[in-house]
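# Fold and contact review
Residue strings, one per chain:
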Amino acid sequence: MKTIVLYTSKTGNTAKYAEEIASQVGADVKPLKKFRWKKELKDYDCIVFGGWVMGGKIKGVDDFLSHYDEMHDAGKDIIVFAVGMSMPTPDGRKELISLNLLDLYRIRFYQVRGSFDLNALGFPYSMAMKATLNKMETDPSLTADKRALLELRERPLVYHDDEKVAKIVNIIKTIDEQRKSKTA
Ligand SMILES: Cc1cc2nc3c(=O)[nH]c(=O)nc-3n(C[C@H](O)[C@H](O)[C@H](O)COP(=O)(O)O)c2cc1C
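Residues numbered from 1 in each chain as written. Predicted model: local features only at pLDDT ≥ 70, side-chain atom pairs only at ≥ 80, totals over all residues. Heavy atoms only, no water.

A few words now on the site of the ligand. Taken together, the neighbourhood of the ligand is formed by 21 residues, with Ser9, Lys10, Thr11, Thr14 and Val53 sitting nearest. Measuring from an oxygen atom of the ligand, one finds a backbone N or O atom of Lys10 at 2.5 Å. Asn13 is positioned such that a nitrogen or oxygen atom in its backbone is 2.8 Å from an oxygen atom of the ligand. For the ligand, whose accessible area on its own is 640 Å², the fraction buried by protein is 89%. When atoms are counted within 2 Å of each cavity's grid points, the one that captures over half of the ligand is the largest pocket. Breaking the shell around the ligand down by element, the ones donating at least two residues are α1 (13–25), β3 (46–54), β5 (77–84) and α7 (125–137). Looking at which element gives the most residues to the shell around the ligand, the answer is β3, with three residues. Residues belonging to the shell around the ligand are distributed by class as follows: nine nonpolar, eleven polar and one charged. Lining the shell around the ligand are residues from two domains, each supplying at least three of them: domain 1 (3–116 + 157–183) and domain 2 (118–156). (Near = heavy atom within 4 Å. Polar contact = N/O pair within 3.5 Å; in protein donor to acceptor, adjacent residues only side chain to side chain. Areas by Shrake-Rupley, 256 points an atom, 1.4 Å probe, with all protein chains shown as cover. 1 Å grid on protein atoms, 1.4 Å probe; cavity = no way out; pocket = protein on both sides within 12 Å on 5 of 7 lines; lining within 4 Å. Sits in = over half its atoms within 2 Å of the grid points. Helix = DSSP H or I, 4+ residues; strand = E, 2+ residues; numbered from the N terminus. Nonpolar A, V, L, I, M, F, W, Y, C, P; charged D, E, K, R; others polar. Domains from an automatic or database assignment.)

In structure tokens, the structure reads:
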């Protein structure tokens, strides 16, 4: 089975996850923007897409899923993973599915936690984020969870989700086994 991992990434976390997953299953990997759908899709059986989360939206997922019919009709297996700074939870997963309309498609979906570094963002994201955090601080009813986010102004959040990488790698290997047993 041939697999490709496509991704969007603003500060490198999603790119790193994509590279890691690809290297563990012997897949190709490239930014979504560089994938030539017409020319390259036929070369792959399993298409993985990883996108970074911004305000609940998975960057690039609309573009990726605009090719859903092409992938589905050609019998590809489709995996999507979203990288955000939030701790993955069942509620958070539901919210991502709902905000990104993922339940309209037959795909496997994983939520992966990534790092967050305000200083790596660059303009205008860093400005917008600082403004949001400064505004949050003035809210008297701020929950403990949200208060913890204020610390992001002082130091970056560093997180690497090895467990989720293993899970995605495993599912790709399982799909590979299933495809082999179908053609055997
Ligand atoms: C403007 C902005 C909005 C963000 N919104 C969210 C969000 O809604 N949920 C979340 O979990 N993470 C959010 N993040 C955090 C990023 O998704 C996280 O840092 C991720 O690791 C970035 O991936 P990348 O390094 O591949 O760009 C946001 C980051 C920025 C800059």
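That was the structure; now back to the text.
With 23 residues, the main nonpolar core has Leu6 and Phe64 as its most contacted residues. Not counting residues up to four positions away in its chain, the partners in contact with Phe64 are Leu6, Leu32, Trp37, Ile47, Phe49, Met71, Ile78 and Val80. The next biggest cluster of nonpolar side chains, apart from the first, holds 21 residues, and it includes Val5, Ile79, Val112 and Ile168. (Core = buried A, V, L, I, M, F, W, Y, C linked by side-chain atoms within 4.5 Å. Buried < 20%, exposed > 50% of the residue type's maximum accessible area, 1.4 Å probe, protein only. Contact = heavy atoms within 4.5 Å.)

When cut into domains, the protein chain gives domain 1 (3–116 + 157–183) and domain 2 (118–156). Each of domain 1 and domain 2 has a C-alpha centre, and these two points are 27 Å apart. With nine residues of domain 1 at the contact, the number on the domain 2 side is nine residues. Contact between domain 1 and domain 2 buries roughly 790 Å² in total, counting both sides, with carbon and sulfur atoms accounting for 78%. Across the domain 1-domain 2 interface, the total number found is zero salt bridges. For the pair domain 1 and domain 2, the number of links is zero residue pairs in polar contact (both at pLDDT 80 or more). Residue classes in the side of domain 1 that touches domain 2 are distributed as six nonpolar, one polar and two charged. (Buried area = accessible area lost by both parts, 1.4 Å probe. Salt bridge = Lys/Arg side-chain N within 4 Å of Asp/Glu carboxyl O.)

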